[in-house]
Structures are given as structure tokens and as C-alpha cells.
Amino acid sequence: MRHRIIIVGAGKMGREHLAAFRACDGTEVVAVVSRGGVSARELASANGIAVAGDDLDEARRKSEATAAVVAASHAESEALVRHCLDMGLNVLAEKPVALDARAAQLLADQANAAGRVACAAVNRRFYPGLLDGFLRLSTLGAPRHLSLLLSDSPEERRAMG
């Protein structure tokens, strides 16, 4: 299954996620959306992405996306994650997903009820294994819980720069 991804937020983290998913097999970044649309169009143009602007619903329709990365402002994250889930998308959200634990739990419940995957980005979010894990989860349905244990030896930290 090829994953078609919308990047929501064209700032620093949106650009980082775009680069990371473009490097993953089986993925295609198909749209970029930002609050005003200008930064989304610039980022999309620089990366050969045809769909860009400020309308998430329109971007979803035009791109036929299957997943979204929400890398917008902290204040907007909860509403954007909810909206992406409402559209039937699997979601990887930059932290914080919501501004309090209750709101984050409601989003997790919404994803579970819809059979969607909703994950929060963590400090090691660009490790290939984590990206691959997110993509695989998206094809399996809604997990109740996922824990990843990763070695983080001094040698690995030096190798990662």
C-alpha cells in the first residue's frame, strides 16, 4: 500500500517531516497546507508537489491523501488532528497533540473509534524504524497502545550527530 501524505504546517517541522517521508519507501507527500497558504505553496513548489494552499478539505479532495502530518502551531494542533481524523486520515502529530491530557485522550478515543492510527511525534521521530512503524500501523487498523524501546548508546548518539 502506498501512503499519500498531507503535510499540515509549512514551518520548520513541516519541512522536516516532508523530507523524512520523501525518503521513505512506499510514501508520497501529495499536499502541503498552511494557515495562510503562502508558505505551503512555496514549500510545495520547491519540492514538486502539485497540491498546496490554506484549505485542508480541498487539499484532501485533490490529493486523495491517506494520512496527515500535523506540524502546525501548538494552539491549532488539537483542532487539526480532530479534523484530519474526521476526514478519515491516519495522523502523525507533532507534540503537543493537544494542550491537556483530557483533550489528547479524546483524540485517541476518536481515532480508536474510527479505526484510525493517531500517533504523537517523539524525540526520535525521524528514525527510519519509527517512520516505518507508523506506516505499518496505518495498514493494520487501530492499535490500543504502542511502545517502542530503542537503544540509545553513546556510540549511537555520536553517530547520529
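Here's a quick rundown of the structure. Remember, it's a predicted structure, so these values are computed and weren't measured experimentally.

**Some details on the overall build of the protein chain**
In terms of helices and strands, the protein chain carries 7 helices and 6 strands. Listing the helices and strands of the protein chain from first to last along the sequence gives β-α-β-α-β-α-β-α-β-α-β-α-α. The buried share of the protein chain, reckoned over its 161 residues, is 41%. Working note: accessible area of the protein chain is about 8900 Å², and carbon and sulfur atoms make up 52% of it.

**Considering the environment of T27**
Considering the arrangement of structural elements, one finds T27 in strand β2 (residues 27–33). The sequence separation of T27 and H3 amounts to 24 residues, and the corresponding C-alpha distance is 4.6 Å. Polar side-chain contacts of T27 include one of 2.4 Å to the backbone oxygen of F21.

**Concerning the pairing of strand β5 (residues 90–93)**
Of the two faces of β5, the one carrying N90 and L92 and the one carrying V91 and A93 are both buried. The pairing of strand β4 (residues 67–70) with β5 spans 4 bridges and is classified as parallel. Bridge pairing in β5 places A67 opposite N90. Running through helix α4 (residues 74–86), the crossover from β4 to the neighbouring parallel element β5 is right-handed. Across 3 bridges, the pairing between β5 and strand β6 (residues 118–120) is parallel. Each residue of the ladder has a partner; that of V91, found in β6, is A118. Handedness of the β-α-β unit built from β5, helix α5 (residues 101–114) and β6 comes out right-handed.

The rules behind the values
- Residues numbered from 1 in each chain as written.
- Predicted model: local features only at pLDDT ≥ 70, side-chain atom pairs only at ≥ 80, totals over all residues.
- Heavy atoms only, no water.
- Helix = DSSP H or I, 4+ residues; strand = E, 2+ residues; numbered from the N terminus.
- Buried < 20%, exposed > 50% of the residue type's maximum accessible area, 1.4 Å probe, protein only.
- Areas by Shrake-Rupley, 256 points an atom, 1.4 Å probe, with all protein chains shown as cover.
- Polar contact = N/O pair within 3.5 Å; in protein donor to acceptor, adjacent residues only side chain to side chain.
- Pairing = 2+ DSSP bridges.
- Right-handed = clockwise from strand over helix to strand, strands pointing away.

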